[in-house]
Amino acid sequence: MVNISYEQWKNMLENKPIPTILAEAMASEHTSYKSTKKFLAKLPTKNKYVIQGPGENAGIVDLGKGWALALRIESHNHPSFIKPHHGAATGVGGILRDIFTMGARPIGLLDFLRFGPNNKGKQLLKEVVRGIADYGNCVGVPVVGGDTYFDATYNHNCLVNVAAFGLVKKKNIIYGNALTIGNDLIYVGARTGRDGVGGAQMASENLDLLQESAVQDPDPFLEKLLLEACCELAETDWVEGMQDMGAAGLLCSTSEVVLRGRKKTGANLGAKVYLNRIPTKAPKMLPIEMLLSESQERMLIVGHRRHREKILKLFEHWDLEACIIGTVTNNGKYTIIYDEERRKNITLPMKFKDIFPDVHKDWEMKKWKPQRSCHVKVNHFLQKDIWHQYDWMVGTRTIKGPNEPGHYAILDISEVDKELVVAWSSDEDRSNVSPTQGIKYAFDKCFSQLKSLSAKPLGLTNCLNFGHPRDSIGAFAETIDGLARRCKTADVPVISGNVSLYNAHGSHSIKPTPILVMVGVRNKK
Amino acid sequence: MHPFKKKMQVGIIRFPGSNCDFDTFNFFKRFGHKSRFIWHKDTKLPDIDLLVLPGGFAFGDRFYKKATAKYIIDPGAMALGSPAMQIVFLAAEKKLPILGICNGFQILVKAGLLPGRLVRNVSENFFCDYIKCKIVGNSFFHDEALQNKIFIVPVAHGYGKYVIGKKELQVLEKNGQIFLKYANFNPNGSVDNIAGVSNKDGNIFGMMPHPERSPDGKYFIRAMEKYVRK
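Note that the structure is predicted; figures quoted are calculated from it, not measured.

## Remarks on the overall build of chain A
Alright, step 1. Along the backbone of chain A there are 17 helices and 22 strands.
Alright, step 2. Relative to the compact-globule value of 24 Å for 525 residues, chain A shows a C-alpha radius of gyration of 22 Å, a close match.
Alright, step 3. Viewed in the frame of its principal axes, chain A has a C-alpha envelope of about 65 × 50 × 40 Å.
Alright, step 4. Counting over 525 residues, chain A shows a buried share of 58%.
Alright, step 5. Sequence-distant contacts, at least 24 apart, represent 83% of the contacts inside chain A between residues at least 6 apart.

Okay, here's the thing in C-alpha cells:
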C-alpha cells in the first residue's frame, strides 16, 4: 500500500483535495447544525420514559411491557421543490430508514405540507402527494395524519415534512455505533450512483443555486426488502450497529458509527473502508462521488465478525446485495483505501477531528419581521382527495385516521394493550406574529389534545423550518426558548428533531414554521 | 372460538413486497386459526385447509427481466415467476379453497385462475377508504347466510378496475361467480361494480376489498370455516 499526498489525489479530482471536500460536506448546516446547535442544547431531552434522545437516527421512548416507540421527523423541502415526486418519495424513504435502523418496525407516517397558493404550488402539491403515496403505500406503512396549508410565503420554498414512528422490543434496539475492533462494516441495499451527490449541502443553501441532479431516485420496493431484512436482523444478536446512508452518504455513515463507538467505549477506534468494493451503478465513479453519493435505500451494518455468513445469508434471502466494505480498527484513524487494478493503491488516513470539525457559525440576532400573506388551510374536498391516495389502514392499527377531523391520530398497540395517541400542531401563522407565542400555542395545542383524550404525553419531535439565518435566526432562538420553557414545565422531553434553515429565495425568507408532533399512550377503553 | 370447532390451517404466501402478510396472519389468529407463511421460493404444498394470497405490492408491482434494469408497472405479473406459484396451481388442481386479497386477486387473475383483468383505477390514483360491499351471486365461499348482506370492507389499491368482455360477463352472472359488488360507491370504475369473483368450480375467490381490515371480518371468517368443514 502506498500513501499518497493530498496533492497527488488532487489530480484525480477537480480542484480541491479530498479531505477539504469531505470536511466541507460534513461541515454543511444539514450535518453539523453549526448555526443552531448552541440553541438546541437548551431543549430538555430526558425523563424517565426516554430511552434515546436526539443524536441517534431516531428518538425512543418506553411504552412499558418490554416495548418502545421510535419517533422522528424530517424535512425534504428543497428536493421536493425541484423534483416534487422524487423529493417527497425519498423524504418518506429516509424517515422510514431512520426508524428501522433502530430495529423498529414503522407503524405510521404523518405528512405536513406547505405550499404557495399559486398554480405552481398546487401542481407541486399534486406531485408531492403522489410521491408520498407511491412510496408509503408500496412499503406498507400507513399515512395516519398530517395537514396541508397554502401561504404565499411558500411560493418559492415549499415545505414537505414527514414524521414516522415505529415499534421495537426494548431488547432489540440497535444503535448506530461500532463498538468492537475487527467487526465488519457491511454495505447492503441499492448500488451507489451519482444521484444526490452533494444533497446535504443542497439542504444548506438557498434554492436559487440548486440543480436537479442532487435529488435522489426513490425505490420503495427495495426499501421494503431492506425493512424486512433489518427487522429480522434486529431479532438476532448478530449485529452491533446499523446506520442509514443518508446525508453525505457513505462518508457520514461509516465515520459516524465509529465516532459514536469512540464516545461510548472510550477506545481509540477507527475504520478502514475499501472503496473499490462499493457496488456502483454508474461507470467510472470517482472516490469522492462514492463517498458523498446520497443514493437511496442503502444501509450500513456493523456486524459481528463471527456471524458474518449468517448476516450475508439473511440478506441473500431477501434478494439484497450485500458486501463487506470495511472493518473496525483500533488505530483511531478513518482510512479510505482505493486499490483499483492497474492503478497505484491509495490509502488516506484521516483524523476524526478533521472529518467532524467542531464548527460554529454566529449570526446577528435580528427580531423577526412579520409577513402579511394569508395562511389558509386546504379545503375539505382537496384534503379528502389527498388522504384517499394514502393507504392509511395497512397494518390494521389505525383507530382514528385522516378520515375523521382533528389534528391527532389514534393507533392500536396491542403488544402493550394500549393505544398510541399522536397529536400535531398546525396554524403556524402565530409564529409569524410572535415566534414565542406561536410555539407556546403549538405546544399547548398538542398537550391539551393528548390530555383531552386521556393520554399520557411521553415525548415530542419537532421540525423547525426557517428562512435564511441572517433574518430568521432571531425567530429560531425565540422559538427554542419558548419550547424549552414549555417542555420543562410540562415534563415532555424533545426526543428527536430536524432543523431546516435556508428556506429562502433571494431576500425573502419563509415565515417561521415549527412543526411539533407529540406522542402519548392511553389505556384501551 | 367455540371449543369443538376445528382450527383451520391457513397457508399465507409471502412474496417480496407483500405488505398485508402480517395483517392477514393476525386476522386468522384473532379467530383462533393457525396460519403459517409460505415463502415465495418454497415449492412444497404444506398440509393446509386454505391458501391465501395477501395484499401488498409483490415485487413492487413491477415487471422486469433483471432486478437492476428497467421495469414496467404491471401488478401481479412478476409473481407468476415465483416458485411458490407451483403451490398455487397444485392447490387449485386439488380443489383446495384459495383466497386472493387485493394484490393476491391481481396475481390469481394474471395466473389465469380467475377470469377477467384488473387495470388502473379510472381516477389514475390510488384510493383507500371504507366502502360498502354487497354479497351477491353464489356468495362468499357459498355461505347462503351472507346472501345480499352489505358489509363495510375497506379498499386500498391503484389497480383495481375489473374489466371483462360482455359475453364472459354474462357467463359469470349466470354461474353466480360474481360474489361481491361495491354497494353505493365504485372506487375504481369496475365493470358492473364488481369487487370480487370466483372461478367456475367455486373454490378460488379473489376480491379487491380487504376483509382482514373490515369491522365485519367475522362474517368472512365464518364463511371460510363453514366451507372448510364441509
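## Topic: the packing of helix α6 (residues 84-100) of chain A against helix α9 (residues 220-234) of chain A
Residues and elements named next belong to chain A.
Alright, step 1. Two elements in contact, α6 and α9, have axes whose closest approach is 10 Å; the angle formed by their N-to-C orientations is 5°. On the basis of the axis angle, α6 is roughly parallel to α9. Where α6 abuts α9, its residues Gly 93, Leu 96 and Phe 100 lie against Pro 220, Glu 223, Leu 227, Cys 230 and Cys 231.
Alright, step 2. Within the contact of α6 with α9, the residues separate by chemical class into 6 nonpolar, 1 polar and 1 charged.

## Here we look at unusual backbone geometry
Alright, step 1. Positioned with a positive phi, A:Asp319 is a non-glycine residue whose angle comes to about 55°.
Alright, step 2. By the secondary structure assignment, A:Asp319 is in the loop between α12 (308-317) and β11 (322-329).
Alright, step 3. Overall, A:Asp319 belongs to the partly exposed group, with 13 C-beta atoms counted inside 10 Å.
Alright, step 4. Within the chain, B:Phe141 stands out as a residue other than glycine whose phi angle is a positive 50°.
Alright, step 5. With respect to the helices and strands, the residue B:Phe141 is situated in the loop between β9 (132-135) and β10 (150-152).
Alright, step 6. Given 23 C-beta atoms within a 10 Å radius, B:Phe141 is considered buried.

## Some remarks on the domain arrangement of chain A
All names here are of chain A.
Alright, step 1. In terms of domain boundaries, chain A breaks down into domain 1 (6-28 + 175-355) and domain 2 (36-172 + 397-479 + 491-523).
Alright, step 2. Between the C-alpha centres of domain 1 and domain 2 the distance comes to 27 Å.
Alright, step 3. The interface of domain 1 with domain 2 comprises 31 residues on the first partner and 34 residues on the second.
Alright, step 4. Here the side of domain 1 that touches domain 2 gets 8 residues from one element, more than from any other, and that element is α9.
Alright, step 5. In terms of residue class, the side of domain 1 that touches domain 2 is made up of 15 nonpolar, 7 polar and 9 charged.

## Concerning the sheet that holds strand β1 (residues 50-52) of chain A
All names here are of chain A.
Alright, step 1. As summarised here, the arrangement of the 7 strands in space is β1-β2-β3-β6-β4-β5-β14, forming an open sheet in which the pairing is mixed. Across the chains shown, the open sheet's two edge strands, defined by having one partner strand only, are β1 and β14 (375-377). With strand direction ignored, the average angle separating the axes of adjacent strands in the sheet is 25°.
Alright, step 2. Inspection of the sheet shows strand β4 (residues 105-115) paired to strand β5 (residues 143-151) by 7 bridges, in the parallel sense. Residue pairing for β5: Phe 115 is matched across the bridge by Phe 150.
Alright, step 3. Where α6 meets the sheet, its contacts fall on β3 (67-75), β4 and β6 (159-169), and the angle it forms with β6 comes to roughly 25°.
Alright, step 4. Contacts from helix α7 (residues 119-139) reach β4, β5 and β6, with the element oriented near 175° to β4.

## Some details on the sheet that holds strand β1 (residues 9-14) of chain B
All names here are of chain B.
Alright, step 1. The strand order across the open sheet formed by 9 strands is β2-β1-β3-β6-β15-β14-β13-β9-β10, and the pairing between neighbours is mixed. Only two strands of the sheet have a single partner each, and these edge strands are β2 (34-39) and β10. Strand-to-strand twist of the sheet, defined as the mean angle between neighbouring strand axes without regard to direction, takes the value 20°.
Alright, step 2. Note that strand β13 (residues 178-182) and strand β14 (residues 194-198) share 3 bridges and pair antiparallel. In the strand pairing of β14, Lys 181 is matched with Ile 194.
Alright, step 3. The sheet contacts of helix α2 (residues 85-93) involve β2, β3 (50-53), β6 (98-101) and β15 (204-207), and relative to β6 the element is tilted by about 135°.

## So, helix α10 (residues 249-265) of chain A
Residues and elements named next belong to chain A.
Alright, step 1. Here α10 is 17 residues long and its end C-alpha atoms lie 24 Å apart, about the 24 Å a rise of 1.5 Å per residue gives.
Alright, step 2. Burial within α10 is extensive, with 13 of its 17 residues counted as buried.
Alright, step 3. Two residues or fewer after α10 comes Gly 266, characterised by a positive phi angle close to 75°.

## A few points about the interface of chain B and chain A
Alright, step 1. Contact with chain B, which involves 21 residues of that partner, is made by 21 residues of chain A.
Alright, step 2. Among the elements of the structure, α1 (21-30) and β8 (127-129) of chain B are those that each provide at least two residues to the side of chain B that touches chain A.
Alright, step 3. Considering each element in turn, the side of chain B that touches chain A owes the most residues, 3 residues, to β8(B).
Alright, step 4. Split by residue class, the side of chain B that touches chain A holds 9 nonpolar, 7 polar and 5 charged.

Basis of the calculations
- Residues numbered from 1 in each chain as written.
- Chains lettered and ligands numbered in written order.
- Predicted model: local features only at pLDDT ≥ 70, side-chain atom pairs only at ≥ 80, totals over all residues.
- Helix = DSSP H or I, 4+ residues; strand = E, 2+ residues; numbered from the N terminus.
- Rg over C-alpha atoms; globule rule 2.2 N^0.38 Å.
- Buried ≥ 20, exposed ≤ 12 C-beta atoms within 10 Å, placed from the backbone.
- Contact = placed C-beta atoms within 7 Å.
- Axes fitted to C-alpha atoms, helices over the stretch in contact; angles between N-to-C directions.
- Parallel < 35°, antiparallel > 145°, perpendicular 65-115°, else oblique.
- Nonpolar A, V, L, I, M, F, W, Y, C, P; charged D, E, K, R; others polar.
- Domains from an automatic or database assignment.
- Pairing = 2+ DSSP bridges.
- Expected span 1.5 Å × (residues − 1).

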